[in-house]
Amino acid sequence: MGAPEAAGELARFSVAVPEDMLKEFDALIARRGDARNRSEAIRDLMRAALVRDRTRTPHEEVIGSLTMIYDHHTGDLSRRLGDIQHDYTDEIVSTMHVHLDHHNCMEILALKGAGSRIYELADKLLGMRGVHHGELTCAATGTSLDLTA
Ligand code: NI
């Protein structure tokens, strides 16, 4: 038997963010008006990310969509995003590219395949510098999606 789990010590770290983003974030916290502070709000975001990560099912077949928004002027980002996708042709069912404005592109990928491959692809794409916004929405194709039932 291991020792009882100790209450987590608080760790401090500093984060660099654009000033505008911080102002907006503080305004968002203030709007919620429940005496929460920045640290608490960031802890909430971290918890949500960790919970989402735990719902991954790498050993099952999954379907999902991945949305990302990026500035295509960022280095050779467009080419690198394309290169990665060409390694996952079995999993990428379809893609849609929307030129949002002079800088920004939105790309939506429909995905289907082994969870491990889908998550690997999403991590690679969403982890690239210059991808401003990205989200993978995914579900295991279990009995709940068995349309023949
Ligand atoms: Ni574009």
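Here's a quick rundown of the structure.

### Focus on the pairing of strand β2 (residues 92–99)
With 7 bridges joining them, β2 and strand β3 (residues 104–114) adopt antiparallel strand pairing. Among the inter-strand pairings, H97 is bridged to a residue of β3, identified as E107. Counted between consecutive antiparallel strands, the loop separating β2 from β3 contains 4 residues.

### Observations regarding the coordination of the nickel ion
Within the protein, the nickel ion binds to H97 (NE2), H99 (ND1) and C105 (SG); these donor distances fall in the range 2.0 to 2.4 Å. Motif for the nickel ion, donor spacing along one chain: H-x1-H-x5-C. On the basis of relative accessible area, C105 is assigned to the buried category, the value being 3%.

### Comments concerning the packing of helix α1 (residues 19–32) against helix α2 (residues 38–54)
The interhelical angle for the contact between α1 and α2, taken along N-to-C directions, is 95°, at an axis separation of 10 Å. One finds that α1 runs roughly perpendicular with respect to α2. Residues L22, F25, D26 and I29 of α1 form the contact with α2, whose participating residues are R38, A41, I42 and L45.

### Quick look at the environment of S39
Inspection of the secondary structure puts S39 in helix α2. With a relative accessible area of 43%, S39 lands in the partly exposed category. Distance from S39 to R12, taken between C-alpha atoms, is 9.7 Å for residues 27 residues apart in sequence.

### Quick word on the nonpolar core
As a rule of thumb, soluble globular proteins bury nonpolar side chains together. Counting 20 residues, the largest nonpolar core has L66, M68, L81, L111 and L125 as its most contacted members. Of all the secondary structure elements, the ones that give two or more residues to this core are β1 (61–71), α3 (77–85), β3, α4 (115–126) and β4 (131–140). For this core, the element with the most residues is α4, which contributes 5 residues. Not counting residues within four places of it along the chain, the set of residues in contact with L66 comprises E107, I108, L109, L111, A122, L125, L126, E135 and L136.

Definitions and limits used
Residues numbered from 1 in each chain as written. Predicted model: local features only at pLDDT ≥ 70, side-chain atom pairs only at ≥ 80, totals over all residues. Heavy atoms only, no water. Pairing = 2+ DSSP bridges. Helix = DSSP H or I, 4+ residues; strand = E, 2+ residues; numbered from the N terminus. Donors = N, O, S within 2.8 Å, 3.2 Å for Na, K, Ca; no water. Buried < 20%, exposed > 50% of the residue type's maximum accessible area, 1.4 Å probe, protein only. Axes fitted to C-alpha atoms, helices over the stretch in contact; angles between N-to-C directions. Parallel < 35°, antiparallel > 145°, perpendicular 65-115°, else oblique. Contact = heavy atoms within 4.5 Å. Core = buried A, V, L, I, M, F, W, Y, C linked by side-chain atoms within 4.5 Å.

Any functional reading would require information beyond the geometric quantities listed.
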